[in-house]
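Here are the chains, one letter per residue:
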Amino acid sequence: MRIEGKVATWLEMVATPHLHHKKLNLKLHPVDEAARADAEDRCYAISVDGRWLCSNNGSLTILQGMEAAKRFMRLIRNESFESGEPMPFAIDCSKNAHCIALGRDKRLRGCGRSQDMLS
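Residues numbered from 1 in each chain as written. Predicted model: local features only at pLDDT ≥ 70, side-chain atom pairs only at ≥ 80, totals over all residues. Heavy atoms only, no water.

Which residues make up the overall build of the chain, and what are the values?
Across its full length, the chain carries two helices and 10 strands. In the chain, the succession of helices and strands from N to C terminus is β-α-β-β-β-β-α-β-β-β-β-β. Residues counted as buried form 45% of the 119 residues belonging to the chain. The long-range fraction of contacts in the chain, counting pairs at least 24 apart against all pairs at least 6 apart in sequence, stands at 59%. A total of about 6900 Å² of accessible surface is found on the chain, and carbon and sulfur atoms cover 50% of it. (Helix = DSSP H or I, 4+ residues; strand = E, 2+ residues; numbered from the N terminus. Buried < 20%, exposed > 50% of the residue type's maximum accessible area, 1.4 Å probe, protein only. Contact = heavy atoms within 4.5 Å. Areas by Shrake-Rupley, 256 points an atom, 1.4 Å probe, with all protein chains shown as cover.)

Below, the structure written as structure tokens:
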């Protein structure tokens, strides 16, 4: 899924902690609220100061589960975030989004839902 307009990038997320004068407003937005009631199985998109976080190829970044989201936030050294409103994105992890999950070893990895369609 390509997002039109200005987006936030992973590089910006890594560089921001080094810019002590700037604080980002991060929000986690559920993208499949109706399909999955369990917060640990729910997928999230991240908005950064009102812009969607995208990978280097312009695909929307999606995190599978709250633990993956928290791990991602720790890695970018910004553990404070707000809950955002649910977003009705149609996401296919194999084609139009950069989907990330937490593995059994507690490392972030590609999501295993490559065939699933989330809405």
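Give a detailed account of the pairing of strand β2 (residues 26-30), specifying residues and quantitative values.
Counting buried positions along β2 yields four of five residues, so the element is predominantly enclosed. Of the strand pairs in this sheet, β2 and strand β3 (residues 43-48) are connected by five bridges, and their pairing is antiparallel. Within β3, the position partnered with Leu-26 by the bridge is Val-48. Alignment of β2 against strand β6 (residues 82-83), held across two bridges, turns out to be parallel. Residue pairing for β6: Lys-27 is matched across the bridge by Glu-82. (Pairing = 2+ DSSP bridges.)

With reference to specific residues and values, describe the environment of Ala-101.
Within the fold, Ala-101 resides in strand β8 (residues 97-102). As a C-alpha pair, Ala-101 and Ala-68 span 33 residues in sequence and 5.5 Å in three-dimensional space.

Tell me what's going on with unusual backbone geometry, and back it up with residues and numbers.
Located in the positive-phi region is Asp-49, a residue other than glycine, with phi close to 50°. Take Asp-49: it is sitting in the loop between β3 and β4 (51-54). By relative accessible area, Asp-49 is classed as partly exposed at 35%. Not every positive phi belongs to a glycine, and Lys-106 is a case in point at roughly 70°.

Let's hear about the pattern of salt bridges: which residues, and what values?
Evaluation of the coordinates by the stated rule reveals one salt bridge. In this structure, the salt-bridge partner of Asp-105 is Arg-107, at a minimum N-O distance of 4.0 Å. One exposure class covers both Asp-105 and Arg-107, and it is exposed. (Salt bridge = Lys/Arg side-chain N within 4 Å of Asp/Glu carboxyl O.)

Please provide a residue-by-residue account of the confidence of the model for the chain, values included.
In the predicted model, the chain carries a mean pLDDT of 78, and the fraction of residues at 70 or more is 76%. The low-confidence segment residues 114-119 (pLDDT under 50) makes 20 contacts with residues lying over four places distant or belonging to another chain. (pLDDT = per-residue confidence, 0-100.)

So what's going on with the environment of Glu-67? Which residues, and what values?
Note that Glu-67 resides in helix α2 (residues 66-75). In this structure Glu-67 comes out as partly exposed when scored by relative accessible area, which is 35%. C-alpha of Glu-67 to C-alpha of Leu-102: the two residues are 35 residues apart in sequence and 7.0 Å apart in space.

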